[in-house]
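Below are the chains, spelled out letter by letter.
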Amino acid sequence: MADYDVIVIGAGCGGLSVASQMAKQGRKTLLLEQSELIGGCCSTYDRNGYKFDLGASIIEDPASIDRLFNRLGTSVFKEVDLVSCDPTYTVITRNGTKMKFPISIEETAKEIGKVSQEDVKGFYAFCEKFKGFLDGAKEFFYMPANNLSDMMEIVKKNPAMMKNPGLIFSSYQDVISKYFKNETVRESLSYQSLFIGLPPELCQGLYALIPYLEHGGMYYSKGGMGEIPQAIKRVGEKLGLVVKTKTAVAKVIIRNKKAVGVKLEDGTEISAEIIISDIHAKSLYFNLIGEEHLPWIVKTGLRSYEPSINAPMLYMGVDYKPPLESHHTLFTIPVKDMNDYWWNVYEKDGYAKEPFGIISWTSGSDPELAPKGHHVLIITMPPARIRYAGSDWAKEKPALIESTIDYLSKKYIPGLKEHVKLAELATPVDFERRLRIPEGSIYAIRQDFTSTTIFRPSSKSKCIDNLYLVGASTHPGGGVPVTICSGMIVADIIEKQS
Amino acid sequence: MKKILFAAVIIAGVLLVTMMPKSKKRFWWEIIRQTPYLIPRYFV
């Protein structure tokens, strides 16, 4: 008899989601996490009294997270203290135009009208389009996409996908350009394509729904984003889930093409009926399972995946109230420059001379994140690859911190330079080391047309029995609510099979 | 007749690609570039 019914490797949001549901289904479940923190990219760490969110800094669409908590017999609003972020963003474009995006669609239309009156009508049409699309594609994120029959089912239950080929077979840039004529307005709505890991001209058009989705509400969890995974863990433990941190898995034990247990780095072997992985599919198959267990076609497929983007993050503790107006401030560059950056800098392993990105003023939403009178600022910097042409990240760190603080002080956060008490930078190399993600890509695999749904690593392994995958490298993709959905998909598959 | 039709299709295709904006070309090129991997990816 096996030691556990289920072993889950990795306590990211996907792993926690599926592990807590396994416990709810009455299965003896063990969740193993190599780090001392749970939550993966959605974790919060403390440094000298400042609490920094490692990656995720807000959640959109709390409904999908609430769906998980409902399955566990509670509600996200009961378990996590969510603060509404309104306005969702302040955008400062490269030409200095400042625009606020309140949750209210009418208020946002007024803001757009201040820049371009002719785009107000376009904004309402844009919202109408995506409202219709989302109404007709609600179940997409909760359905498996492991084979053609799953795809047929997705299309059947999400009729909007067939009715809107223009969103599937066009780029983000095409969709934004269709509804908005003014370049500044286009710029203010285009940065979000990077959340999918691609510039506006390569990102699929349907993801232009993100600027619409933001009007459904944007939330921050008091105490830091890490409170969300902590809440899932707490509820899971009440249901019998066992969580072990600082316990790294060295191998998944395979017998007769069947996953039967795991071997820890200290040599301990633990057996289980079902193994679920919440680590990157490439790491799982190549490092924990081994090429000898994989058919050639699987190896070819795995090697063909391109990594999603990563961006260095600058974490700062400051001893004044920064002159910012919202939880998030996007400092953007024109759409053409974003595309050019991708081809001429990012793809050539270079780095931006003038930064663009997101300023997350998390202590603006929760003052408890910093000592009294102090604040926390987290800067998501321009995307960069793990390779750095002509140098290395460790060498560049001090200069990059200094030049970024200088630039932000001059252009976006007056007084910053004089008030920084603590500043540390996480580069793609740090993300790879800390989170054990290949190339430090926080969204795992590029989310383009050829790497989604049935072309993304299957949530039920096609070459190893009793093995399942959750997290950003499988369907539906990266992001906190979406990886939580991947956990719900696998929990449903397992429940259905048993 | 068949040859004329074939030539017309090729010319139309070349014209379409030539007249396409650069960003559209790049979008479709990325899809075409990755198309050979679709079958292996389906088996992962």
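The structure presented is a predicted model; accordingly, all values stated were derived computationally and were not measured.

Caption draft 1: The sheet that holds strand 7 (residues 89–92) of chain A, seen in detail. All names here are of chain A. Here seven strands make up an open sheet; going across it, the order is 8-7-15-16-17-14-18 and the pairing mixed. Two strands in the sheet have a free side with no partner beyond their single neighbour: strand 8 (98–101) and strand 18 (420–426). Strand after strand, the sheet turns through a mean of 20 degrees between neighbouring axes, direction not considered. Examined bridge by bridge, strand 15 (residues 328–331) and strand 16 (residues 357–360) share four bridges and lie antiparallel to one another. Bridged to Phe-331 within strand 16 is Gly-357. Where helix 17 (residues 393–411) meets the sheet, its contacts fall on strand 14 (313–318), strand 15, strand 16, strand 17 (375–380) and strand 18, and the angle it forms with strand 18 comes to roughly 125 degrees. Here helix 19 (residues 428–435) sits on the sheet and contacts strand 14 and strand 18; the angle it forms with strand 18, its principal contact strand, is near 75 degrees.

Caption draft 2: Spotlight on a nonpolar patch on the surface. Taken together, the side chains of Phe-169 of chain A together with Trp-28, Trp-29 and Ile-32 of chain B make up a nonpolar region of the molecular surface, amounting to roughly 430 Å² of accessible area. Examined against the element boundaries, Trp-28 of chain B turns out to sit in helix 2 (residues 22–34). Its relative accessible area of 30% is what places Trp-28 of chain B among the partly exposed residues.

Caption draft 3: Region of the structure containing helix 5 (residues 118–135) of chain A. In this model helix 5 of chain A runs 27 Å from its N-terminal to its C-terminal C-alpha over 18 residues, within 8% of the 26 Å that 1.5 Å per residue would give. Where helix 5 of chain A is buried, its residues contact helix 4 (105–115), helix 7 (160–163), helix 8 (165–168), helix 9 (172–179), helix 10 (183–188) and helix 11 (210–213) of chain A.

Rules of the game
Residues numbered from 1 in each chain as written. Chains lettered and ligands numbered in written order. Predicted model: local features only at pLDDT ≥ 70, side-chain atom pairs only at ≥ 80, totals over all residues. Heavy atoms only, no water. Pairing = 2+ DSSP bridges. Helix = DSSP H or I, 4+ residues; strand = E, 2+ residues; numbered from the N terminus. Axes fitted to C-alpha atoms, helices over the stretch in contact; angles between N-to-C directions. Contact = heavy atoms within 4.5 Å. Patch = residues over 30% accessible without salt bridge, like charges linked within 9 Å, V, L, I, M, F, W, Y side chains within 5 Å. Areas by Shrake-Rupley, 256 points an atom, 1.4 Å probe, with all protein chains shown as cover. Salt bridge = Lys/Arg side-chain N within 4 Å of Asp/Glu carboxyl O. Buried < 20%, exposed > 50% of the residue type's maximum accessible area, 1.4 Å probe, protein only. Expected span 1.5 Å × (residues − 1).

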